[in-house]
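# Descriptive analysis of the structure
So you can see what is in the structure, the chains are spelled out below.
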Amino acid sequence: MASDGGGDGDGGGGSEENIFATAIPPPGPPRQDRTGFIEFFALSGILVAISLLIFYIEYSKISVLFALVGVVVFVTAEGTSRPPRMGPHEFVKEREILLAKKKRDGGDAEEVLVCLGDSLTHGACSANWVDALTERLRGSPSAAPLAIVNAGQNGICTETVLQRKVEHVIACRPKYIFIMIGTNDVRAVYRKDWGDQLTWMWSLTERPSEDALMRNLANIIRVLLEHTTAKIAVGTLPPLGEDADSTANQIVLRVNRRIIHAVEIEFCDSRRVSAVDVNGALWKYINLSSVKRKKIHSIDDSLPIGIVMCILHNIFGLSWNLLTHIITGNVVLSESLHLNETGGDVVRNELVKWLVENGDANHVDGRKEKLL
C-alpha cells in the first residue's frame, strides 16, 4: 500500500493504491481488553454452575451461597475491569461525529489530552481522577473545548505500553499527553512473585527491572515525540504505601530520580517534554495531614485489602475515601497501592497546573478559572 508521501504520479497502480488508502482508513484502536480478570469471570461462572447443580440435586442453603458468591465475584470483576468511559477506542470511534458537529455548529475543534498509565489512571479500582477532571471542565462557557481520553489500563507495565498502547495514543492525535506509568514495574522489582505474575500475564520479553523501566519509558517518549506534535508531561510515580522509609518506597524514590533526570537531561533539547512531580505532591499532602494512624499498612497487604475494598465499592457503592477511613486509615492511598479520591484530587491538580503552564494562552486561559 502506498505511503502518505505517494505524490501525484500518473501511474495507474500507484493512483489506485492511494485512492484505496483514502477510501478505507486503517482501523482505530481496539476496545480495551480485560487481561488479568478473565479468571475471575470464569470463577463466577463455575460458582453459579455449581449452585445450579446442587439446587438440581437437592435444594439447600449451600446452593444459594454458591450463587451469591458467584454474583459478587462477577459484579466486582465487571466493575473493576470495565474499560474507561472515554478510552482511545471510544474517542477515535466518535471523533468524526464530533468533528462534523463542531463544523456544523461553527465551534472550535477540540484539543485532545490523553492520560496514559496503569490502574492509577484507569480509575476502576482506584479513584477516577480523569473523569473528575472531565466533569470539572464540563459546562464552562468560557472554556475552549478539551477532549480528555483515558488510556489507562489495570496491571499494565512500561513494556506493554510501548508494545500495545503508544499507537492508540497516537491515533487520538493529542495536543497534550500525560504519562504516569511504571508502578507495576516497581512492584515487580520489589517482589519476585509479583514480577513472575506480571511477566506471565503480559507475556513480557524480559523480566521487569529498573533499567528496563527507564529504557521503555524513554522509548515511549521518543515514539510519541516522533509521531505526534503533543506536549508531554511525565509524572513521577506515586508512593507504594505511606511509609517513606519502606523498601518499596526506596525503589520508587530511585526510579523517580531517574525519571526526572531523564526528562531534564536526555530530553532537554525538546521543549515538549517536562516532568510533573506527582510523588512529591502526594508526600507533601501526606506530611501536612492531621490524620492519626495506629498502623501504617505495607504494600505487601495491598492485595487482600484491595479485594475487600473493590467488593465493597462495587456492591455497595462506597467511596474510596470512606473505605480508606474505615479499613486502612491512609491519607491519599486506599489500600497502599491505589489512589483514593483525595489522592486523585492531588494528581488531577498537578496535571491542571501543568496544563495552565504549558497550554497555548488563547486556549488555556479561558479554562483557568474552571481548572483552578
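The paragraphs below set out a description of the structure included in this document. Owing to the predicted nature of the structure, the values given are computational and were not obtained by experimental measurement. (Residues numbered from 1 in each chain as written. Predicted model: local features only at pLDDT ≥ 70, side-chain atom pairs only at ≥ 80, totals over all residues. Heavy atoms only, no water.)

### A closer look at the overall build of the protein chain
Each helix and strand counted, the protein chain has 17 helices and five strands in total. Across the 372 residues of the protein chain, 47% fall into the buried class. By sequence separation, contacts in the protein chain at least 24 residues apart represent 74% of the contacts at least 6 residues apart. Approximately 18,900 Å² of the protein chain is accessible, and the part contributed by carbon and sulfur atoms is 57%. (Helix = DSSP H or I, 4+ residues; strand = E, 2+ residues; numbered from the N terminus. Buried < 20%, exposed > 50% of the residue type's maximum accessible area, 1.4 Å probe, protein only. Contact = heavy atoms within 4.5 Å. Areas by Shrake-Rupley, 256 points an atom, 1.4 Å probe, with all protein chains shown as cover.)

### As for the packing of aromatic side chains
How two aromatic rings sit relative to each other is set out by the distance from centre to centre and by the angle between their planes. Taken as a whole and assessed by the stated rule, the structure comprises three aromatic pairs. Seen in terms of ring centroids, Trp129 and Phe178 are 5.8 Å apart; in terms of plane orientation they differ by 80°. Their pairing is edge-to-face. On the criterion of sequence distance, the pair formed by Trp129 in helix 6 (residues 129–137) and Phe178 in strand 3 (residues 176–180) is long-range, its members being 49 residues apart. Here Trp129 falls in the buried class, since its relative accessible area comes to 2%. Under the relative-accessibility criterion, Phe178 is labelled buried at 0%. Look at Tyr190 and Trp194: their rings are 6.1 Å apart centre to centre, the planes differ by 50°, and that puts the pair in the tilted class. Across the ring face of Trp194, the terminal group of Arg187 is positioned such that the distance to the ring centre comes to 4.4 Å. The cationic tip of Arg191 hangs over the ring face of Trp194; the distance from NZ or CZ to the ring centre is 4.1 Å. (Phe/Tyr/Trp six-rings, centres within 6.5 Å; stacked < 30°, edge-to-face > 60°. Lys NZ or Arg CZ within 6 Å of the ring centre and 35° of its normal.)

### Looking at the pairing of strand 2 (residues 146–152)
Among the seven residues that make up strand 2, seven are buried, leaving the element largely enclosed by the rest of the structure. On strand 2, burial covers both faces: Leu146, Ile148, Asn150 and Gly152 on one face and Ala147, Val149 and Ala151 on the other are all buried. Strand direction decides the pairing type here: strand 1 (residues 111–117) and strand 2, joined by seven bridges, are parallel. Looking at the pairing, Leu113 lines up with Ile148 of strand 2. (Pairing = 2+ DSSP bridges.)

### Regarding the pattern of salt bridges
Between side chains of opposite charge, pairing is possible as soon as their charged atoms come close. Evaluation of the coordinates by the stated rule reveals 14 salt bridges. Of the charged contacts in the structure, one is a salt bridge between Arg82 and Glu78, with a shortest N-O distance of 3.7 Å. The class for Glu78 is partly exposed, based on a relative accessible area of 22%. Between Arg191 and Asp300 there is a salt bridge; the shortest N-O distance is 3.1 Å. (Salt bridge = Lys/Arg side-chain N within 4 Å of Asp/Glu carboxyl O.)

### A word on the layout of surface pockets
Approximately 910 Å³ is the volume attributed to the largest pocket. Along the wall of the largest pocket there are 32 residues; nearest its centre are Gly36, Phe37, Phe40, Leu303 and Ile307. Elements supplying a minimum of two residues to the lining of the largest pocket: helix 2 (38–57), helix 3 (61–81), helix 8 (183–190), helix 9 (192–202) and helix 13 (302–316). Partitioning the lining of the largest pocket into residue classes produces 17 nonpolar, 12 polar and three charged. (1 Å grid on protein atoms, 1.4 Å probe; cavity = no way out; pocket = protein on both sides within 12 Å on 5 of 7 lines; lining within 4 Å. Points joined across faces, edges and corners; volume = space filled by probe spheres on them. Nonpolar A, V, L, I, M, F, W, Y, C, P; charged D, E, K, R; others polar.)

### Remarks on the environment of Pro304
Tracing the sequence through the fold places Pro304 in helix 13. Sequence-wise, Pro304 and Glu335 are 31 residues apart; in three dimensions their C-alpha atoms are separated by 9.0 Å.

Scope: geometric values only; no functional claims are made or implied.
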